[in-house]
Amino acid sequence: MAAPALKHWRTTLERVEKFVSPRYFTDCNLRGRLFGDSYPLAGLSRFLTPERLPYQEAVQQDFSPTQVGDSFGPTWWTCWFRVELIIPEAWVGREVHLCWESDGEGLVWRDGEPVQGLTKEGEKTSYVLTDKLGEGDPRSLTLYVEVACNGLLGAGKGSMIAAPDPEKMFHLSRAELAVFHRDVHKLLVDLELLLDIAKGLGDDNQRSFQALYTANQMVNVCDPAQPDTYPVAAALASKFFGQRGGESQHTIHAIGHCHIDTAWLWPFKETVRKCARSWVTAVKLMEQNAEFIFACSQAQQLEWVKSHYPGLRSRLQEFACRGQFVPVGGTWVEMDGNLPSGEAMVRQFLQGQNFFLQEFGKMCTEFWLPDTFGYSAQLPQIMRGCGITRFLTQKLSWNLVNSFPHHTFFWEGLDGSRVLVHFPPGDSYGMQGNVEEVLKTVTNNRDKGRTNHSAFLFGFGDGGGGPTQTMLDRLKRLGNTDGLPRVQLSSPEQLFMALERDSGQLCTWVGELFLELHNGTYTTHAQLKKGNRECEQILHDVELLSSLALARSAQFLYPAAQLQHLWRLLLLNQFHDVVTGSCIQQVAEDAMSHYKDIRSHGSALLGAAAAALCAGEPGPEALLIVNTSGGAHSLGMTRGGSTDAQASFPALVTVPSVGYAPAPTPTSLRPLLPQQPVFVVQETDGSVTLDNGIIRVKLDPTGRLISLVLVASGREAIAEGALGNQFVLFDDVPLYWDAWDVMDYHLETRKPVLGQAGTLAVGTEGGLRGSVWFLLQISPNSRLSQEVVLDVGCPYVCFHTEVHWHEAHKFLKVEFPARVRSTQATYEIQFGHLQRPTHSNTSWDWARFEVWAHRWIDLSECGFGLALLNNCKYGASVRDNVLSLSLLRAPKAPDATADMGRHEFTYALMPHKGSFQEAGVIQAAYNLNFPLLALSTPGPAPATAWSAFSLSSPAVVLETIKQAEKSSQNRTLVLRLYEAHGSHVDCWLHISLPVQEAFLCNLLEERDPAGHLALQDNRLKVTFSPFQVRSLLLVLQPPPN
Ligand SMILES: [Zn+2]
């Protein structure tokens, strides 16, 4: 082999670059020879439609002639092309492609079946008509190309995440037949790899020069115009790539993947087609590359393909049997890792795993969530309860402040459950199969010397697309080459088995995986958050009441199918770009309509269950007051039912846990009143004091909290000289990701919103309830009104808030400076709670300036604390002694209308003695979120109160009561309980239902073989460790005849 005459790195390198360049010297370089002769189409016509039509319907429409260069659109429309072609006879023996370059996302249909995706952005611009045209092969053919008028990443106006441009037009720039030179393609792949190796290893590396000189010599011997010179060049490359690496080489597991956001910069309906385009392309690659393995997540997407593309679904099942198509993840969608409730997370797996089992004969063994905005500390326990011990993600590489210290590690959750976690060290789930990425995977790995295996997920992602043949060609060529890591086409199973084999040296990370970015997603699109919380509650209540009705009524049919449908809608909305608010307006509207369905169907199902529950009971009133909360007895006011006028009077009623009581009549109220009534006193300066004997609330004339006293101890909860219920406005301009990010510097722009004295007015004058209200002008465009309510016997004061919000890049919060000192604040998460610092000692502390929580946060010192509860918020923070709840944002991309308009939400403040556990903060937050239901019944309501279940320990929460999934168990209930205090506890569950047998089971409702529970006197004992979630199967006795 002749070495270059001059030792000049740059000229040698660039010489080779020009030889393969698609831009320069294509008249004489190798790239210019990739395609040979071309030939025009025999006919091209099109049909434009705003609908997303099924194939059979589309092809029957009127097509009109069109030609290359024509435009079509606008955005979200579909252009169907009829492509008639005749391959020239002279091309016998050649590989023939349909070359197709257009904007938008194309799908080729042949003989009524989708066969391949075509997207310029996804580097898929030709469809292989034949590998080698045979003598007798048919040469005339009609295809259809369905082109969606949107890009892989939507249709943002001016930038990717800008709101879509509805006027965008699309162009067809190439449509013809051409002969493809496979030998040229192979040489190009080799030369590009050699160039990348030379560049990647750098000019101080022996192997790098070997690569460069090999490439240089290939250029010397290869005459692009003389195909008979190609084999000599190819032999040079083969010699280089045939030089093997040593035994200690790192192994890269290259797994084909295609991350498809279930909705994001495009609507849900487009995702259905994205799945078809991406997966049919993957199927084609699997056919042509027997060693290619493709990992595919999200049951919902597979379910869409099942119903819209049955032919493709069969192919997927076929390749799943061969082990090439590998369903992963186990969840219904790749959900947000922060906001869904614990029960909703369980349902992601329950719905997902059952679907995978039904469709592919087995459940997934790894949780797969490459792209979400943080990971709850309860996920390890939920995964393990759902048959999963492995987890793959990579998003933590986006941390803005701290670089996460591991790529392969054990993750220990809140309860001590451990799973093996792998972050692909290349920090991407959309690799292209380049040498640079392969080298980065090795150098970037934070667990060198601890593990010698890494994942490498390749294929266009986010908007779909997936792998290409060229990516596969590159990765296969790299196989085992000296100087580079070993690259093998692999499966998630092989990867994790390899990681498990040498997991002895791995580190452990305890607690949540907090993403130091995208912290605005806890607040953006407040209506989506509110819908999420409400619908989680509605489904909880429907399942609970339906279960009680099932146990008590022989006639009642548990609405299993409807509930599955409604749950799936809720789970769909919990996708990581939907409930987070990081989607376009169209997606938010679709999501709101899903919530609307859940609300309306849920309310009908509640009514049906209540009616069944009451059938046959004697009683004076046709109104039932139901407590769906499973903790201690709930004492409160019936909240006005929106549809039932009867339910709108405030009344004091005590309803036992998971049970009901007859509605009190207004006349019977006074004798029933055991507590001190609420007193409301307005001073001459306009300030008001509300007092229910438990807490005393004093508001200044503008509605701010001057004082909050725990009456029994006289203890003040508001910091001296400070004011609570202070609304504050911040400038909220992130660096780029508008809907996603709130940056640390927003805190520097804090402006308190000041009201006008004299606006505070007394609403309800006391007795059962005392309330005051006020108006607050937030800005020239936005205003707020608030009703501050104190109920008899209630340990917290409620703030019912209505905001008319018309802002741009502002952030509204409300603050409560507490007379409490603690370095840690507590935040509720799924099935438990955790602490985060209130200070900024380290970069890990201050990076958590905006965090997420569920129904409550608490700041406590020894013996006293202040809790802030909410009914639909998720963003919060506690800095020093100030508790802050994030209320509304106003980002403009990708949805320019996000959060504009009217909002309603409630938060509540609860000062308490002792710890929050002892004080019952958790139960109070349940009561706020699950107000007593007033349900009308067609017949008479029961005359006496009744409780289905109660618990002996306040540390244990009865979260869920539902029918078991399996139809063979239709008289079996599932109960889910968790330990909420962080303690070891033995708890007795009292049952008033006709239960025959009880067993422990896992989260997938599979019976624990050793989990038989002894029933004694209608109660059974369950033991818990801190934050443990336990599920029980209760087999009901046969219904009475
Ligand atoms: Zn995503």
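Above this note sits the structure.
Since the structure is predicted, the reported quantities are computational estimates derived from the model, not experimental observations.

Caption draft 1: The sheet that holds strand S16 (residues 390-392), seen in detail. With respect to topology, five strands assemble into an open sheet ordered S15-S16-S18-S17-S21, the strand pairing being mixed. The open sheet is flanked by strand S15 (366-368) and strand S21 (507-510), the only strands paired with a single partner. For this sheet the average axis-to-axis angle between neighbouring strands, irrespective of direction, equals 30°. Two elements, strand S17 (residues 408-412) and strand S18 (residues 418-422), share five bridges in a ladder whose sense is antiparallel. In the strand pairing of S18, Trp411 is matched with Val419. Along the sheet, helix H13 (residues 492-501) contacts S15, S16, S17 and S18; its crossing angle with S16, the most-contacted strand, is approximately 115°.

Caption draft 2: Representation of the coordination of the zinc ion in the model. Looking at the zinc ion, one finds its protein donor set to be His259 (NE2), Asp261 (OD), Asp371 (OD) and His576 (NE2), positioned 1.9 to 2.2 Å from the metal centre. In this structure, the zinc ion is surrounded by four donor atoms whose angles at the metal cover 88 to 159°, and the resulting shape is irregular. For the zinc ion, the donor residues sit on a single chain with the sequence spacing H-x1-D-x109-D-x204-H. Since its relative accessible area comes to 1%, His259 is described here as buried. Residue class for Asp261 comes out buried when judged on its relative accessible area of 1%.

Caption draft 3: Here's a closer look at the sheet that holds strand S8 (residues 113-118). Read across the open sheet, the six strands follow the order S3-S2-S5-S10-S7-S8; overall the sheet is antiparallel. Only two strands of the sheet have a single partner each, and these edge strands are strand S3 (64-65) and S8. Packing of helix H6 (residues 268-288) onto the sheet brings it into contact with strand S5 (78-86), strand S7 (105-110), S8 and strand S10 (140-148), and relative to S8 it is tilted by some 90°.

Caption draft 4: Layout of the layout of surface pockets. When its volume is computed, the second largest pocket comes out at roughly 1,000 Å³. Surrounding the second largest pocket, 33 residues form its lining, Glu123, Ser126, Phe180, His185 and Thr470 being those nearest its centre. For the lining of the second largest pocket, the leading source of residues is helix H3 (residues 182-201), giving six residues. When the residues that make up the lining of the second largest pocket are grouped by side-chain class, the tally is nine nonpolar, eleven polar and 13 charged.

Caption draft 5: Examining the pattern of salt bridges more closely. All chains considered together, the criterion is met by 43 salt bridges. For Glu14, the salt bridge identified is with Arg10, shortest N-O distance 3.1 Å. Highlighted residues: Glu14 and Arg10, both in helix H1 (residues 9-20), separated by four residues, approximately one helical turn. Take Arg10: its relative accessible area is 55%, and that puts it in the exposed class. Residues Arg889 and Asp732 are paired through a salt bridge, measuring 2.7 Å at the closest nitrogen-oxygen approach. Placement of the pair is Arg889 in strand S44 (residues 882-889) and Asp732 in the loop between strand S31 (726-731) and strand S32 (751-752), with a sequence separation of 157 residues. What you see here is one network of salt bridges that share partners, running through Arg52, Glu105, Glu146, Glu270, Arg273, Lys274 and Arg277.

Caption draft 6: Expanded view of the pairing of strand S36 (residues 797-805). Of all nine residues that make up S36, seven are buried, and the element is covered over most of its length. Bridging between strand S35 (residues 783-791) and S36 involves seven bridges; their strand directions are antiparallel. Its bridge partner being in S36, Glu787 is matched across the sheet by His800. Connecting the antiparallel pair S35 and S36 is a turn made up of five residues, with Gly793 showing a positive phi of about 75°.

Caption draft 7: Molecular detail of the packing of H6 against helix H7 (residues 299-308). The interhelical angle for the contact between H6 and H7, taken along N-to-C directions, is 80°, at an axis separation of 9 Å. When the axis of H6 is compared with that of H7, the two are roughly perpendicular. Across the interface between the two elements, Phe268, Thr271, Val272, Cys275, Ala276 and Trp279 from H6 touch Gln301, Leu302, Trp304, Val305 and His308 from H7. In terms of residue class, the contact of H6 with H7 is made up of eight nonpolar, three polar and no charged.

Caption draft 8: A look at the packing of aromatic side chains. Inspection of every chain in the model, using the stated rule, returns 43 aromatic pairs. Here the aromatic cluster, defined as three or more aromatic residues joined through ring pairs, consists of Phe47, Tyr55, Phe63, Trp80, Trp109, Tyr144 and Tyr309. One Lys or Arg, Arg418, reaches over the ring of Phe410 and ends 4.4 Å from the middle of that ring. Of note, Arg1019 hangs over the ring of Trp988, and the distance from its end group to the ring centre comes to 3.8 Å.

Caption draft 9: Broad picture of the nonpolar core. One finds Phe949 and Leu993 to be the most contacted residues of the largest nonpolar core, which totals 281 residues. Setting aside anything within four residues of it in sequence, one finds Leu993 in contact with Leu548, Ala551, Arg552, Trp946, Ala948, Phe949, Leu973 and Leu1036. The next biggest cluster of nonpolar side chains, apart from the first, holds 26 residues, and it includes Leu41, Leu98, Tyr127 and Leu172.

Caption draft 10: The side chain of Thr393, seen in detail. Inspection of the secondary structure puts Thr393 in the loop between S16 and S17. Looking at Thr393, its side chain comes within polar contact range of the main-chain oxygen of Pro370, at 3.2 Å. Within the local environment of Thr393, its side chain forms a polar contact with the side chain of Tyr375, the two groups lying 2.4 Å apart. Residue contacts for Thr393: discarding those within four places in its chain leaves Leu369, Pro370, Asp371, Tyr375, His422, Phe423 and Pro424.

Caption draft 11: Quick peek at unusual backbone geometry. With an omega of 0°, the peptide bond between Gly73 and Pro74 qualifies as cis. Its place among the elements puts Pro74 in the loop between strand S4 (71-72) and S5. Each neighbour pair has its own omega, and for Ala893 with Pro894 the value is 5°, a cis peptide bond. Note on placement: Pro894 falls in the loop between S44 and strand S45 (901-913). We note that Asp427 has phi near 60°; this positive angle belongs to a residue other than glycine. Looking at the element boundaries, Asp427 is found in the loop between S18 and helix H11 (435-443). The phi dihedral of Asn725 is positive, around 55°, even though this residue is not glycine.

Caption draft 12: Representation of the pairing of S18. Of all the five residues making up S18, four are buried; the element is thus mostly covered by neighbouring parts of the structure. Connecting S17 to the antiparallel partner S18 that follows it, the hairpin turn spans five residues, and Gly416 within it adopts a positive phi of roughly 100°.

Caption draft 13: Broad picture of a nonpolar patch on the surface. Where nonpolar side chains cluster on the molecular surface, the patch consists of Leu400, Val401, Leu735, Tyr736, Tyr745 and Trp846 and spans about 570 Å² of accessible area. Structurally, the position occupied by Leu735 is in the loop between S31 and S32.

Caption draft 14: How the structure looks around empty space enclosed by the protein. This structure, assessed with the given rule, holds ten cavities of 30 Å³ or more. The space that makes up the largest cavity amounts to roughly 230 Å³. As for the largest cavity, its lining consists of 22 residues, of which Ser341, Glu536, Arg855, Phe930 and Glu959 are closest to the centre. Elements represented by at least two residues in the lining of the largest cavity include exactly helix H9 (342-360), helix H14 (526-552), strand S38 (824-829) and strand S49 (956-963). Here the lining of the largest cavity gets five residues from one element, more than from any other, and that element is H14.

Caption draft 15: Region of the structure containing the side chain of Gln381. Mapped onto the fold, Gln381 is located in helix H10 (residues 379-385). At a separation of 2.8 Å, a polar atom in the side chain of Gln381 contacts the side chain of Gln378. Of the polar contacts made by the side chain of Gln381, one reaches the backbone oxygen of Phe1027; its length is 3.0 Å. Discounting residues that sit within four places of it in the chain, Gln381 has contacts with Asp415, Ser417, Leu1003, Phe1027, Gln1028 and Val1029.

Caption draft 16: Broad picture of helix H5 (residues 230-241). Over its twelve residues, H5 extends 17 Å from the first C-alpha to the last, a length consistent with the 16 Å expected when each residue adds 1.5 Å. The complete set of buried residues in H5 reads Tyr230, Ala233, Leu236, Ala237, Phe240 and Phe241. For H5, the angular spread of buried residues about the axis comes to 130°, placing them on one side. In H5, the exposed positions angled more than 90 degrees off the buried face are occupied by Pro231 and Lys239.

Cut-offs used in this document
Throughout this document, residue positions are counted from 1 along each chain, in the order its sequence is written. A pLDDT threshold of at least 70 governs which residues receive local features in this predicted model, and a stricter bar of 80 or more applies before side-chain atom pairs are shown or counted, although totals over entire chains, interfaces and linings include all residues. Water and hydrogen atoms were dropped before computing side-chain values, which therefore reflect all heavy atoms in the structure. Here, a strand pair is defined by DSSP locating no fewer than two bridges between the strands. Helix and strand assignments come from DSSP, with helices taken as H or I runs of at least 4 residues and strands as E runs of at least 2, each series counted from the N terminus. With axes taken as lines fitted to C-alpha atoms, and helix axes fitted only over the stretch in contact, angles between N-to-C directions fall between 0 and 180 degrees. We call two residues in contact when some of their heavy atoms are within 4.5 Å. Listed donor atoms are N, O and S within 2.8 Å of the metal (Na, K and Ca: 3.2 Å). As water is not included, a site may look incomplete. Only four donors with every angle between 85 and 135 degrees are called tetrahedral; only four or six donors with opposite donors over 155 degrees apart and all others between 65 and 115 are called square planar or octahedral, in that order; all others are irregular. Each residue is assigned to one of three classes by its accessible area relative to the maximum for its type, calculated with a 1.4 Å probe on protein chains only: buried under 20%, partly exposed between the two thresholds, exposed over 50%. A cavity here means a set of points on a 1 Å grid, drawn over the protein atoms and nothing else, where a 1.4 Å probe fits but cannot get out; a pocket is an open set with protein on both sides within 12 Å along at least five of seven lines, and a residue lines either one if it has an atom within 4 Å of a point. Grid points are joined across faces, edges and corners, and a volume is the space filled by probe spheres set on the points. All amino acids are sorted into three groups, where Ala, Val, Leu, Ile, Met, Phe, Trp, Tyr, Cys and Pro are nonpolar, Asp, Glu, Lys and Arg are charged, and the leftover types, Gly among them, are polar. In what follows, salt bridge is the name for a side-chain nitrogen of Lys or Arg lying within 4 Å of a carboxyl oxygen of Asp or Glu. Under this scheme an angle from 65 to 115 degrees is roughly perpendicular, one under 35 degrees roughly parallel, and one over 145 degrees roughly antiparallel; angles in between are oblique. Stacked, tilted and edge-to-face are the three classes assigned to paired rings of Phe, Tyr and Trp, where Trp is represented by its six-membered ring and a pair needs centres within 6.5 Å; plane angles under 30 degrees give stacked, over 60 edge-to-face, the rest tilted. Any Lys NZ or Arg CZ that is within 6 Å of a ring centre and within 35 degrees of that ring's normal is treated as a charge sitting over the ring. Buried residues of nine kinds, namely Ala, Val, Leu, Ile, Met, Phe, Trp, Tyr and Cys, make up a nonpolar core once their side-chain atoms join them within 4.5 Å. Any pair of nitrogen or oxygen atoms within 3.5 Å is treated as a polar contact; in protein, a donor-acceptor pairing is required on top of that, and neighbouring residues in sequence qualify only through side-chain atoms on both sides. Patch members must show over 30% relative accessible area and no salt bridge, and they are joined within 9 Å when carrying like charges or within 5 Å when they are nonpolar side chains of Val, Leu, Ile, Met, Phe, Trp or Tyr. The Shrake-Rupley method, run with a 1.4 Å probe, gives the accessible areas here. Residue values count only the displayed protein chains as cover. In a helix, the anticipated span is given by 1.5 Å times the number of residues less one. Think of it as the arc spanned by the lines of direction from the helix axis to the C-beta atoms.

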